[in-house]
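What follows is the residue order along each chain.
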Amino acid sequence: MGEFDLIARYFARAGAVSGSSGSTGSTVALGIGDDCAVLTPAPGHQWLVSTDMLVEGRHFLSTVSPRRLGHKALAVNLSDLAACGGTPRACFLSLALPRVDETFLAGFSEGLFSLADAHGVVLAGGDTTAGPLNINITIMGEVPQGQALLRSGARVDDDLWVSGTLGDARLALEVFRGTVSLPGEAFEAVRQAMELPQPRVALGRALRGLATSAIDVSDGLAGDLGHILRRSGVGARLHLADLPRSAILGAMPEDLQRLCLLTGGDDYELVFTAPAQDRSRVMEAAQASATPVYRIGRIESQPGLRVVDGEGRELDLALQSFDHFKS
Ligand SMILES: Nc1ncnc2c1ncn2[C@@H]1O[C@H](COP(=O)(O)OP(=O)(O)OP(=O)(O)O)[C@@H](O)[C@H]1O
Ligand SMILES: Cc1ncc(C[n+]2csc(CCOP(=O)(O)O)c2C)c(N)n1
Ligand SMILES: [Mg+2]
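Residues numbered from 1 in each chain as written. Chains lettered and ligands numbered in written order. Predicted model: local features only at pLDDT ≥ 70, side-chain atom pairs only at ≥ 80, totals over all residues.

Looking at an unreviewed UniProt entry, one finds the protein named Thiamine-monophosphate kinase, with Roseateles depolymerans as its source organism. Its UniProt record, at the heading Function (unreviewed entry), says of the protein: "Catalyzes the ATP-dependent phosphorylation of thiamine-monophosphate (TMP) to form thiamine-pyrophosphate (TPP), the active form of vitamin B1." Per its UniProt entry, the protein bears the Catalytic activity (unreviewed entry) comment "thiamine phosphate + ATP = thiamine diphosphate + ADP". (UniProt positions renumbered as here; feature names shortened; annotations may be inferred.)

### Topic: the UniProt feature "binding site: Mg(2+) 1" (unreviewed entry) in the protein
Under the UniProt annotation, the feature "binding site: Mg(2+) 1" (unreviewed entry) is placed at Thr51, Asp52 and Asp127. Across 77 residues of sequence, these annotated residues stay compact in space, with a maximum C-alpha separation of 14.5 Å. Turning to its location among the elements, Thr51 is positioned in strand β3 (residues 45-55). Judged by C-beta crowding, with 14 C-beta atoms within 10 Å, Thr51 ranks as partly exposed. (Helix = DSSP H or I, 4+ residues; strand = E, 2+ residues; numbered from the N terminus. Buried ≥ 20, exposed ≤ 12 C-beta atoms within 10 Å, placed from the backbone.)

### Observations regarding unusual backbone geometry
Positive phi values are uncommon outside glycine, yet Asp157 reaches one of about 80 degrees. At Ala290, a position not held by glycine, the phi torsion is positive, near 50 degrees. Within the element layout of this structure, Ala290 appears in the loop between α10 (279-288) and β11 (293-300). When the 9 C-beta atoms within 10 Å are taken as the criterion, Ala290 is described as exposed.

### A word on helix α5 (residues 184-195)
Taking 1.5 Å per residue as the helical rise, α5 with its 12 residues ought to reach 16 Å, and the 16 Å between its terminal C-alpha atoms agrees with that figure. The inward-facing, buried residues of α5 abut α2 (66-83), α4 (168-177) and α8 (247-250). (Expected span 1.5 Å × (residues − 1). Contact = placed C-beta atoms within 7 Å.)

### A few points about the sheet that holds strand β7 (residues 159-163)
As summarised here, the arrangement of the six strands in space is β8-β10-β7-β11-β9-β12, forming an open sheet in which the pairing is mixed. The open sheet has two edge strands, β8 (213-216) and β12 (304-308), and neither has a second partner. Direction aside, the axes of adjacent strands within the sheet are offset by 25 degrees on average. Examined bridge by bridge, β8 and strand β10 (residues 270-274) share four bridges and lie antiparallel to one another. Paired with Ser213 across the bridge in β10 is Thr273. (Pairing = 2+ DSSP bridges. Axes fitted to C-alpha atoms, helices over the stretch in contact; angles between N-to-C directions.)

### So, the UniProt feature "binding site: Mg(2+) 5" (unreviewed entry) in the protein
Listed under "binding site: Mg(2+) 5" (unreviewed entry) in the UniProt record, and renumbered for this structure, are Asp219. Within the fold, Asp219 resides in the loop between β8 and α7 (221-232). Leave out the neighbours within four places in its chain, and Asp219 touches Asp224, Gly265, Ser321 and Phe322.

### Observations regarding the packing of α4 against α5
Running from N to C, α4 and α5 cross one another at 115 degrees; their axes reach a closest spacing of 7 Å. Handedness of the α4/α5 crossing: left-handed. Every residue of α5 that contacts α4 at Asp168, Ala169, Leu171, Ala172, Leu173 and Val175 is listed here: Phe187, Val190, Arg191, Ala193 and Met194. Of the residues assigned to the contact of α4 with α5, the class counts are nine nonpolar, no polar and two charged. (Left-handed = near helix turned anticlockwise from the far one by under 90°. Nonpolar A, V, L, I, M, F, W, Y, C, P; charged D, E, K, R; others polar.)

### Digging into the site of ligand 2
Around ligand 2, the neighbouring residues are Asp52, Gly57, Arg58, His59, Phe60, Leu61, Leu173, Ser218, Asp219, Gly265, Asp266 and Phe322. Within the shell around ligand 2, the residues separate by chemical class into four nonpolar, four polar and four charged. Of the domains in this structure, domain 1 (3-144) and domain 2 (159-308) are the two that each give at least three residues to the shell around ligand 2. (Near = placed C-beta within 6 Å. Domains from an automatic or database assignment.)

### So, the nonpolar core
Leu74, Cys91, Ala124, Ala214 and Val271 are the most contacted members of the largest nonpolar core, which has 84 residues in total. The leading source of residues in this core is α2, at nine residues. Those residues in contact with Val271 that lie beyond four places of it in its chain are Val162, Ala214, Ile215, Val217, Leu221, Asp224, Leu225 and Ile228. (Core = buried A, V, L, I, M, F, W, Y, C linked by C-beta atoms within 7 Å.)

### Side note on the domain arrangement of the protein
What the domain assignment reports for the protein is domain 1 (3-144) and domain 2 (159-308). Each side of the interface is counted separately: domain 1 has 19 residues, and domain 2 has 18 residues. Those elements giving two or more residues to the side of domain 1 that touches domain 2 turn out to be α2 and β4 (87-97). Residue contributions to the side of domain 1 that touches domain 2 peak at 11 residues, all from α2.

Here's what the structure looks like:
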């Protein structure tokens, strides 16, 4: 199979192909098949654009199923859009493939399209080449003018919140690395957190006009929260005991829990700040988006991140979040 047959068979779906005007919805006026896609923004909205690459051995192991890989490649991009409060519209897929493996392509495209359909995203274009397996997706979404959630708006005395649970993906990675062992069922559960993250798109949208800052946790809570703090010119007090974790992680030794919760990465949860007087509005946003959220600390004027234990004592921790050139 050649390059163009491959694109036609696995990625150019009816409704997203040039010439099939009218069926792609209002945003994608022209999709796959021409030199550019043509997108029409909704009046009064701004584009949000983000791009994220997955490299074999760096972001995923060769043991991951193609279906899950297709899901994750889009999920990590949707997560960035969620962090900015965007509504996803279109994505672009650039793929380097070592060979035409139809079993891989069928699973990969199925995983990608099933998540895309769940979020109303159209695959509107991309690029395909031979080479070491490498997947890059660029996502485009919309927000009403001026309403994007940013890293820079946290204010002193704001509450600090996080969605979902943290640390399971890192726990799974440690099992793969052979530093931790888990019974089969527990391993399957944390492996799912690593391989099938669920981007918090509905929560991000519900937090528009409410959260003062937001970020998604990809490199680890301490590092990603650090971006909010530096951008906002503030510091934070974080209550270790309040960090939400699965029963599986909660049963692990304390040091491992701290590693996974604070610096694990691959969580794809949202960390955000909101004024303390808006607590009930945050809970309503969580309910409306069917996403659990937890209050984990407070913004302070003193720069830096202070992690405290159940008794309020500051812990002296060396926190190294994920860094491609240090990890
Ligand atoms: N090669 C590059 N050229 C230009 N800008 C870049 C490049 N790499 C990253 N950036 C920009 O740097 C900022 C931080 O990028 P990064 O990839 O760390 O985003 P993130 O959301 O913190 O993490 P993740 O990649 O997990 O989504 C973003 O604004 C991104 O667009
Ligand atoms: C095989 C393997 N090794 C390590 C990890 C962990 N990991 C890789 S990249 C990253 C941060 C987000 O990436 P980026 O900043 O590039 O978006 C994390 C936590 C993994 N998932 N698989
Ligand atoms: Mg991000």
